[in-house]
Amino acid sequence: MPTSAPTPARTPTPTPTHTTVGIIGAGPAGLLLSRLLHNAGIDCVVLESRDRAYIEQRQRAGILEQSTVDVLRSAGAGERMDREGLPHDGIELRYDRRSHRIEFPSLTGGRRVMVYAQTEIVKDLVALQLANGAPLFFESEVTKIEGIGGIGGADGIGGIGGADGSGGTHDMKAPTPTPTIHYHHQDRGPTTLTCDYIVGCDGFHGVARNAIPVELRRTYERTYPYSWLGILAQAPPVYDELIYAHSLRGFALASMRSPTVSRLYLQVPNGTDLAEWPDARIWDELDARLATGADPGWKLERGPVVAKSVLPMRSWVVEPMRYGRLLLAGDAAHIVPPTGAKGLNLAVADVVVLARALVQRHVTGSTELLDAYSETCLRRVWRAEHFSYAMTELLHTDPAHSAFETRLQLSQLDRIAHSRHAAAELAENYTGLPIAPLSR
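Reading the values: rules and limits
- Residues numbered from 1 in each chain as written.
- Predicted model: local features only at pLDDT ≥ 70, side-chain atom pairs only at ≥ 80, totals over all residues.
- Heavy atoms only, no water.
- Phe/Tyr/Trp six-rings, centres within 6.5 Å; stacked < 30°, edge-to-face > 60°.
- Helix = DSSP H or I, 4+ residues; strand = E, 2+ residues; numbered from the N terminus.
- Lys NZ or Arg CZ within 6 Å of the ring centre and 35° of its normal.
- Buried < 20%, exposed > 50% of the residue type's maximum accessible area, 1.4 Å probe, protein only.
- Pairing = 2+ DSSP bridges.
- Salt bridge = Lys/Arg side-chain N within 4 Å of Asp/Glu carboxyl O.
- Core = buried A, V, L, I, M, F, W, Y, C linked by side-chain atoms within 4.5 Å.
- Contact = heavy atoms within 4.5 Å.
- Axes fitted to C-alpha atoms, helices over the stretch in contact; angles between N-to-C directions.
- Parallel < 35°, antiparallel > 145°, perpendicular 65-115°, else oblique.
- Nonpolar A, V, L, I, M, F, W, Y, C, P; charged D, E, K, R; others polar.
- Left-handed = near helix turned anticlockwise from the far one by under 90°.

## Here we look at the packing of aromatic side chains
In this description, an aromatic ring pair is defined by two values, namely the gap between the centres and the angle between the planes.
Phase 1: A full pass over the atoms with the stated rule returns nine aromatic pairs.
Phase 2: Ring centres 4.9 Å apart and planes at 85° place the aromatic pair F204 and W316 in the edge-to-face group. Of this pair, F204 sits in the loop between strand 11 (189–200) and strand 12 (218–233) while W316 sits in strand 16 (residues 305–319), placing them 112 residues apart in sequence.
Phase 3: What links up through ring pairs into an aromatic cluster is the set F104, W228, Y244, F251, Y265 and Y430.
Phase 4: The ring of F204 carries R209 above its face, with NZ or CZ at 5.0 Å from the centroid.
Phase 5: A cation sits over an aromatic face here: R281 above W277, 3.6 Å from the ring centre.

## Thoughts on helix 3 (residues 66–74)
Phase 1: Listed in full, the buried residues belonging to helix 3 are Q66, S67, T68, V69, V71 and L72.
Phase 2: Looking one or two residues beyond helix 3, the residue adopting positive phi is G76, at roughly 85°.

## Description of the pairing of strand 11
Phase 1: Counting buried positions along strand 11 yields nine of twelve residues, so the element is predominantly enclosed.
Phase 2: Taken together, the six bridges between strand 1 (residues 18–24) and strand 11 define a ladder with parallel strand orientation. Bridged to T19 within strand 11 is C195.
Phase 3: For strand 10 (residues 180–185) and strand 11, the ladder comprises six bridges, and the chain directions are antiparallel. Its bridge partner being in strand 11, H185 is matched across the sheet by G189.
Phase 4: Hairpin connection from strand 10 to strand 11: three residues lie between these consecutive antiparallel strands.

## Regarding the sheet that holds strand 4 (residues 86–88)
Phase 1: Strand order in this open sheet of three strands is 3-7-4, and the pairing throughout is antiparallel. The strands lining the two open edges of the sheet, one partner per strand, are strand 3 (63–64) and strand 4.
Phase 2: As defined by bridge partners, strand 4 adjoins strand 7 (residues 113–115) across three bridges and the pair is classed as antiparallel. Bridged to P87 within strand 7 is M114.

## Topic: the pattern of salt bridges
Phase 1: Throughout the structure, instances matching the rule amount to 26 salt bridges.
Phase 2: D70 is paired through a salt bridge with R73; the nearest N and O atoms lie 3.9 Å apart. You can see D70 and its partner R73 sitting in helix 3, three residues apart, about one turn around the helix.

## Focus on the nonpolar core
One recurring pattern in soluble globular proteins is that nonpolar side chains are buried together.
Phase 1: Counting residues in hydrophobic clusters, the biggest one holds 79 residues, and the most contacted among them are L32, L37, L64 and I181.
Phase 2: No other element matches helix 8 (residues 343–364), which puts twelve residues into this core.
Phase 3: In this structure, L32 is in contact with V71, L72, A75, L125, V348 and V351, ignoring residues within four places of it in sequence.
Phase 4: The next biggest cluster of nonpolar side chains, apart from the first, holds 35 residues, and it includes I63, I91, F251 and F387.

## Brief notes about the packing of helix 11 (residues 403–418) against helix 12 (residues 420–431)
Phase 1: Running from amino to carboxyl end, helix 11 crosses helix 12 at an angle of 95°, the nearest separation of the two axes being 5 Å. Put simply, helix 11 runs roughly perpendicular to helix 12. Residues R415, I416 and H418 of helix 11 pack against R420, A422, A423 and L426 of helix 12.
Phase 2: A class-by-class count of the residues in the contact of helix 11 with helix 12 yields four nonpolar, one polar and two charged.

## Structural notes on the packing of helix 1 (residues 28–39) against helix 8
Phase 1: Taken N-terminus to C-terminus, the directions of helix 1 and helix 8 make an angle of 30°; their axes are 9 Å apart at the nearest point. On the basis of their axis angle, the class for helix 1 and helix 8 is roughly parallel. Regarding helix 1 and helix 8, the two cross each other, and that crossing is right-handed. In this structure, helix 1 contributes P28, A29, L32, L33, L36 and L37 to the contact, and helix 8 contributes L344, A347, V348, V351, V352, L354, A355 and L358.

## Observations concerning the side chain of S388
Phase 1: Counting through the fold element by element, S388 comes out in helix 10 (residues 373–395).
Phase 2: If we skip the residues at most four places from it in the chain, S388 touches V336, P337, T339, G340 and K342.

## Comments concerning the sheet that holds strand 13 (residues 242–245)
Each strand in a sheet pairs with its neighbour through backbone hydrogen bonds, running either in the same direction (parallel) or in the opposite one (antiparallel).
Phase 1: Ordered in space as 6-5-13-14-15-12-16-19, the eight strands form an open sheet in which the pairing is mixed. Edge positions in the sheet fall to strand 6 (98–103) and strand 19 (334–335), since each of these pairs with one other strand and no more.
Phase 2: Pairing of strand 16 with strand 19, which is carried by two bridges, proceeds in the antiparallel orientation. Paired with V317 across the two strands is H334, which belongs to strand 19.
Phase 3: Along the sheet, helix 11 contacts strand 5 (90–95) and strand 6; its crossing angle with strand 5, the most-contacted strand, is approximately 140°.

Quick look at the structure:
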């Protein structure tokens, strides 16, 4: 399994009282945004409620779109990814006991994906930040946000930088009231941080989103009637690319984290108790769902299961993603079912768009990109939501499905297998749409 990047020693960071951008959450979104801003000469501070060990061990997504790979490289965080990550040029679909490979580069103009776990991205970004980056404070639980102002639009006052062309740090004029983060640090106790902008990268359960008045938030949600039972196993992957399997027994996914570690999933009913799924039952069910008519005796290579969990499935979006001087990114604003491998990649797209907007404000004084932030991101978010929803509906066995609906699923899978246009649509969405500001 990939190992943590070495962390050079660093002198303890003094507690700042003001920063240009206060970032709540040290997941991939918060850490990458901090790196992009630091590289652009914009000061920021990252506050994370958990300790370092916790955030570096959370098991999350592992499929990186082409754009995500490119962004990590350009941010200086791609060295270990390029050394230890696993480039993939396609996926295999299994349905009706048949198999078909979707080849990405020929369908997308050369785009591909990379298998590199979110835990490893976090380790890389944390190491970079502690060695040479903006202040990062662990065990700093945010309790309240205030002073963020009203609905977005041109800032009108204060903000970042100026238009003198120097590109350096200018005197900051914060709005009144001042955007303020109240947090509790394990050692320092109650502390406040004033900011010109606050970015909530603190996930679905964080405090940032709730700072937007409830009457101004619009929430869209779809809860699915099934969950994923996932295991991490010390066993070599069965195939050198991901296998997505539709089966009358339920969906299955064979993935990997490294050449010696497999990540595997089974569709299970909501409310499933892990105690009802001993390891042998999980392996047997994976074998049954992944088998094809060409090789009915096919079996996965088994190994010790080192982690096991049940993941509920949901699609969820909140609008807007900006309110005054507060901006949301990643899971604080949207969640997708994991079938389309979009969650981490959407978070990266958000912070790239946001970093561009903050850099524009810093260099030119213009708020054009900031004013368009929510609209720009939501356009991509809804495309990814649709793709993830479509993949989920296509591949899973809904308890309420009739035989008619199952035949529709098989018909669509057969079309993807035999139509270049249908395969290209899947490949383009899977490898990721370009990250770009909304055209006007």
